[in-house]
Amino acid sequence: MDSGVSGISGHLEPAPGALPDAVGWDELQRAKPVPTDPLVTAARIDLEPPPTGTGTVAPAPRPRPATPGPRGGAGRIPVAPRRGSSTGSAAAPLTDTPPTKPATPPAPGRRPDKQPAPPAFSAPANTTAASPAPSFARRLRSMLPWPTTAGPVADLIRAHRSAHPGGDPNLLRRAYAIAEEMHRGQMRKSGDPYITHPLAVAQILAELGMDTTTLVAALLHDTVEDTSYTLPALEGEFGPEVSLLVDGVTKFDKVFYGDAAEAETIRKMILAAGRDVRVLVIKLADRLHNMRTLDARSHASRTRIARATRDVLVPLCDRLGIQALKRELEDCVLRALSPSGYALVADYVKWRPDRRPFFDRVIGQVSAELTRARVDATVSPRPRHLYSIWKDTVAGNYTEPHDLPRVVIVVNGPDTDCYAALGAMHGRWRPVPGRFKDFIASPKNNLYRSLHTTVLGPEDELLEVLIRTAPMHRDAEYGIVANFRFPQHAPRSVSAQEEQLAWLHRVLDWESEATDPAQFLASLRCDLAESQIIVFTSTGRPVLLPAGATPVDLAYTLDQNIGDRCIAARLNGRLVALSSELDDGDVVEIITRQGQRDEFDVDDEAPAPGPSREWLQFVKTPQARLHITDWFADEEPPAATIADKVRLGRLAIGLALRQRGRGLGSDLPLVRLATALGYPDLETLLVAVADHKLSAPAVVERLIASVDHA
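Residues numbered from 1 in each chain as written. Predicted model: local features only at pLDDT ≥ 70, side-chain atom pairs only at ≥ 80, totals over all residues. Heavy atoms only, no water.

Caption draft 1: Broad picture of the overall build of the protein chain. In terms of regular secondary structure, the protein chain is built from 29 helices and 14 strands. Among the 710 residues that make up the protein chain, the fraction classed as buried is 47%. In the protein chain, 69% of the contacts between residues at least 6 apart in sequence involve partners at least 24 apart. Looking at the protein chain as shown, the accessible area adds up to about 34800 Å², and 54% of this sits on carbon and sulfur atoms. (Helix = DSSP H or I, 4+ residues; strand = E, 2+ residues; numbered from the N terminus. Buried < 20%, exposed > 50% of the residue type's maximum accessible area, 1.4 Å probe, protein only. Contact = heavy atoms within 4.5 Å. Areas by Shrake-Rupley, 256 points an atom, 1.4 Å probe, with all protein chains shown as cover.)

Caption draft 2: Expanded view of helix H4 (residues 196–208). Relative to the 18 Å expected for 13 residues at 1.5 Å per residue, H4 spans 18 Å between its end C-alpha atoms, a close match to the ideal helical length. Most of H4 is tucked away, with 12 of its 13 residues classed as buried. Those residues of H4 that fall on the buried side of the exposure criterion are His197, Pro198, Leu199, Ala200, Val201, Ala202, Gln203, Ile204, Leu205, Ala206, Glu207 and Leu208. (Expected span 1.5 Å × (residues − 1).)

Caption draft 3: Structural context of helix H26 (residues 642–659). Spanning 18 residues, H26 covers 26 Å between terminal C-alpha atoms, matching the ideal 26 Å at 1.5 Å per step. Considered for burial, the residues of H26 that qualify are Ile642, Val646, Gly649, Ile653, Gly654, Ala656 and Leu657. Across the axial projection of H26, the buried residues extend over an arc of 160°, all falling on one side. The exposed set on the far side of H26, more than 90 degrees from its buried face, consists of Leu651, Arg658 and Gln659. Count one or two residues on from H26 and you reach Gly661, which has phi positive near 70°. (Arc of directions from axis to C-beta.)

Caption draft 4: Main features of the nonpolar core. If you look at the biggest cluster of nonpolar residues, it comprises 81 residues, and the most contacted ones within it are Leu156, Leu205, Leu220, Leu316, Leu320, Ile322 and Trp503. When residues no more than four places from it in sequence are discounted, the contact partners of Trp503 are Leu280, Leu316, Arg319, Leu320 and Leu528. (Core = buried A, V, L, I, M, F, W, Y, C linked by side-chain atoms within 4.5 Å.)

Caption draft 5: Expanded view of the side chain of Arg382. Here Arg382 shows up in the loop between strand S5 (377–381) and helix H16 (386–395). Side chain to side chain, Arg382 and Glu477 meet in a polar contact 3.1 Å long. (Polar contact = N/O pair within 3.5 Å; in protein donor to acceptor, adjacent residues only side chain to side chain.)

Caption draft 6: Representation of the sheet that holds strand S14 (residues 587–591) within the structure. Read across the open sheet, the five strands follow the order S11-S10-S14-S12-S13; overall the sheet is mixed. If you trace the sheet from one side to the other, it starts and ends with strand S11 (542–546) and strand S13 (574–576), each paired once. Taken over all neighbouring pairs, the strand axes of this sheet differ in orientation by 40° on average, direction set aside. Taken together, the four bridges between strand S12 (residues 568–571) and S14 define a ladder with antiparallel strand orientation. Residue pairing across strands places Arg570 opposite Glu589, the latter belonging to S14. Contacts between helix H23 (residues 551–558) and the sheet are confined to strand S10 (532–537), S11, S12 and S14, with S11 contributing the most and set at about 125° to the helix. (Pairing = 2+ DSSP bridges. Axes fitted to C-alpha atoms, helices over the stretch in contact; angles between N-to-C directions.)

Caption draft 7: Region of interest: the pattern of salt bridges. Taken as a whole and judged by the stated rule, the model has 32 salt bridges. Bridged by salt links that share partners, the residues Arg352, Arg355, Arg384, Asp392, Asp403, Arg435 and Glu464 form one connected network. (Salt bridge = Lys/Arg side-chain N within 4 Å of Asp/Glu carboxyl O.)

Caption draft 8: Spotlight on unusual backbone geometry. In this structure, Leu447 is a non-glycine residue whose phi angle is positive, near 70°. With respect to the helices and strands, the residue Leu447 is situated in the loop between strand S7 (437–438) and strand S8 (451–456). In this structure Leu447 comes out as partly exposed when scored by relative accessible area, which is 27%.

Caption draft 9: Spatial organisation of the confidence of the model for the protein chain. When pLDDT is averaged along the protein chain, the result is 78; 75% of the residues meet or exceed 70. Across residues 1–17 the pLDDT falls below 50, and counting only partners more than four positions away or on other chains, this stretch makes 44 contacts in the model. In this model, residues 22–134 is a region of pLDDT below 50 whose contacts with residues beyond four sequence positions or in other chains number 198 contacts. (pLDDT = per-residue confidence, 0-100.)

Caption draft 10: Spotlight on the environment of Val507. Looking at the secondary structure, you find Val507 in helix H21 (residues 502–511). According to the relative accessible area criterion, Val507 is buried, its value standing at 0%. Remark: the alpha-carbon pair of Val507 and Asp527, spanning 20 residues in sequence, is separated by 7.6 Å. Contacts of Val507, omitting those with residues within four sequence positions, involve Ile270, Leu524 and Asp527.

Caption draft 11: Main features of the side chain of Lys268. With respect to the helices, strands and loops of the structure, Lys268 is situated in helix H10 (residues 260–275). Taking relative accessible area as the criterion, Lys268 reaches 14% and is therefore assigned buried. In this structure, Lys268 is in contact with Asp247, Thr250, Phe252 and Glu683, ignoring residues within four places of it in sequence.

Caption draft 12: Molecular detail of the sheet that holds strand S9 (residues 462–469). One open sheet holds the five strands; their spatial order is S5-S6-S9-S8-S7, and the pairing between them is mixed. Each having just a single partner strand, S5 and S7 make up the two edges of the open sheet. One ladder, built from six bridges, connects strand S6 (residues 406–411) with S9; its direction is parallel. Note that in S9 the partner of Arg406 across the bridge is Glu464. Each of S5, S6 and S9 touches helix H15 (residues 356–372); the most contacted strand, S5, lies at about 165° to it. Here helix H18 (residues 470–478) sits on the sheet in contact with S6 and S9, set at roughly 105° to S9.

Caption draft 13: Examining the pairing of S14 more closely. With four of five residues buried, S14 lies mostly within the body of the structure. With two bridges connecting them, S10 and S14 associate as parallel partners. Across the sheet, the residue bridging to Thr537 is Val588, located in S14.

Caption draft 14: Spotlight on the packing of aromatic side chains. Considering all chains together, one arrives at four aromatic pairs under this definition. With 5.8 Å between their ring centres and 25° between their planes, Tyr387 and Trp390 make a pair best called stacked. With Tyr387 and Trp390 both in helix H16 and three residues apart, this pair spans about one turn of that helix. Each member of the pair, Tyr387 as well as Trp390, carries the same accessibility label: buried. With a centroid separation of 5.8 Å and an interplanar angle of 70°, the aromatic rings of Tyr478 and Phe486 are classed as edge-to-face. A cation over an aromatic ring shows up here: Lys444 above the ring of Tyr448, its NZ or CZ 5.0 Å from the ring centre. (Phe/Tyr/Trp six-rings, centres within 6.5 Å; stacked < 30°, edge-to-face > 60°. Lys NZ or Arg CZ within 6 Å of the ring centre and 35° of its normal.)

Caption draft 15: Structural view of the packing of helix H27 (residues 668–676) against helix H29 (residues 696–708). In contact at an axis separation of 10 Å, H27 and H29 are set at 110° when each is read in the N-to-C sense. With respect to H29, the element H27 is oriented roughly perpendicular. Residues Pro669, Leu670 and Leu673 of H27 pack against Val699, Arg702, Leu703 and Val707 of H29. (Parallel < 35°, antiparallel > 145°, perpendicular 65-115°, else oblique.)

Caption draft 16: Broad picture of the packing of H10 against helix H22 (residues 517–527). Across the interface, H10 lies against H22 with an axial gap of 9 Å and an inter-helix angle of 55°. Regarding the angle of H10 to H22, the classification is oblique. Handedness of the crossing formed by H10 with H22: left-handed. Touching Ala260, Ala263, Glu264, Ile266 and Arg267 of H10 are Pro517, Phe520, Leu521 and Leu524, all from H22. A per-class count over the contact of H10 with H22 returns seven nonpolar, no polar and two charged. (Left-handed = near helix turned anticlockwise from the far one by under 90°. Nonpolar A, V, L, I, M, F, W, Y, C, P; charged D, E, K, R; others polar.)

Caption draft 17: Highlighting the pairing of S10. Burial along S10 is one-sided: Ile533, Val535 and Thr537 are buried, and none of Gln532, Ile534 and Phe536, which face the opposite way, are. Here S10 runs beside S11; their pairing, made up of five bridges, is antiparallel. Bridging across to S11, Ile534 finds its partner in Leu544. What sits between S10 and S11 in their antiparallel hairpin is a turn of four residues, with Gly540 showing a positive phi close to 90°.

Here you go:
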């Protein structure tokens, strides 16, 4: 089991993997007992309150549990009073008295894997207080066409309207009503009603600033998967846009798809995101709420879910640039996979000396320097989240949590003012060599832009400084979500929008070639690697590659034909082995034949020598691995993906229908037949036909009989 860290004599040593595994940092335990509840106040994103008057953009807070109001207020599902109870009296305490009639069973067609709701306790009627007659105001409120009390979606609507004043609250109420009805009787493993989960997911998205359509899809995102509510019914009620988003996050059933279900679900989600990126945003919010409530699951389940989050969803969140979600996801993964490391860092943050006096001095001196440089900017503290502290501690092999104070300078001006602010900082305090990074000139793979530097600040204490413009700061916090939260600042040109999702288009380019589910998942993890480098071809073309890439990876990234003809490589003018790892800024020439002008001077008429099987041992990019595998797999029939099987199943049923002289005007009869045969959806039925588990003529016989006798 990969622990993520290993310790010798009280020291930390970095281990492979960006996030911790199930055992981590036990060697750092101090003699004093670790708090039994590691969820200390430092678990919040804002570990340190900024001084008054600072202008940092705070991450979206977690939705707070609503307190029940006198009318079943926000966040609570109102329960109708028991027949015979007094409507005007105060609520009586709950007792263990058995209910007078059995609980209502769940609606037919609901999935059996959800836990049934426990029987509710009955509250005895208050016989001492008389029930007052309904007042005129109460009768008037009952006749109004809109709700007059704070319902379960009140907090959701309030958060949504704070970002989108023109949002449609009635659409959210209607979506919640359907979701509550379909999930009624279902319970989460924590014992809460299941409806609390989609409501919490929608709340997370509302606080991020997503649009009304996304919130409606979030409220309904589990209805098609876990209830009898069908996708055609959802599309008819809310339209094709919501239907696409819900279908994109609907998982394949493990009972029918086995071990391939997880990989194929991610593939389906990626394909849907190619049409609408909001699919990924809903999935990330869904996983964040599941990670918040992970304690209700078994240890094995917690570890499995946390690893999947670490390997796929956290990198996806980073590629989308949604740091407001990524920070909390990383903290939740750290807590699940390394409870001792999480508790130690949280304890350190809770009990460390107050830094506010230090930040007051820093902000005062920085503001004075910026004024002299005529740079209009706002300076504020930028505290780290728990995982960031843990990561730096492990990387630096420190025996105590390593957390340098950090400030962010948000410039209200052009990009050039960032460099003017940088000069002011380096003029005030001595910069630390090797700690300067210019992500404005060379943005990260998620288009993050900022200047990073470390200086010897007041009292010779190390101080990290981030410098960026207001649009950069907005994009650094919200990433792709900024297009929905701040539509007035969204990129207008098609090229700018495509640049934001260039990584997604690259994944879609090779996705169809990875027919094996395990191979697809491994290639996706590699493509989403956080550490990346930029190398240059002999013609000066910059190419983005994962850290540890080789000349073979570069060759296949340039073109499949160049990769198949690659025979050698020059690295910074010297011949090197094809297995040599490339570094950031290297100049690489791929040699395909003698006497070539550059790597693009390929002799297409000569037969390609082809790759070597040994290359599979060191290549990093999915393009290289897939092309090399395909070269040696020409004799074997390609594996069929679930999408291929769905198409084959549909063709087989269509052929059988034509042989009977019949046809289908819509998929609705097939959807009903799939439900009658015990399949969770139409796709699973079509896969069963393609796998010959069901005969297409037999399916058509049942289909015709059901239609003719309807």
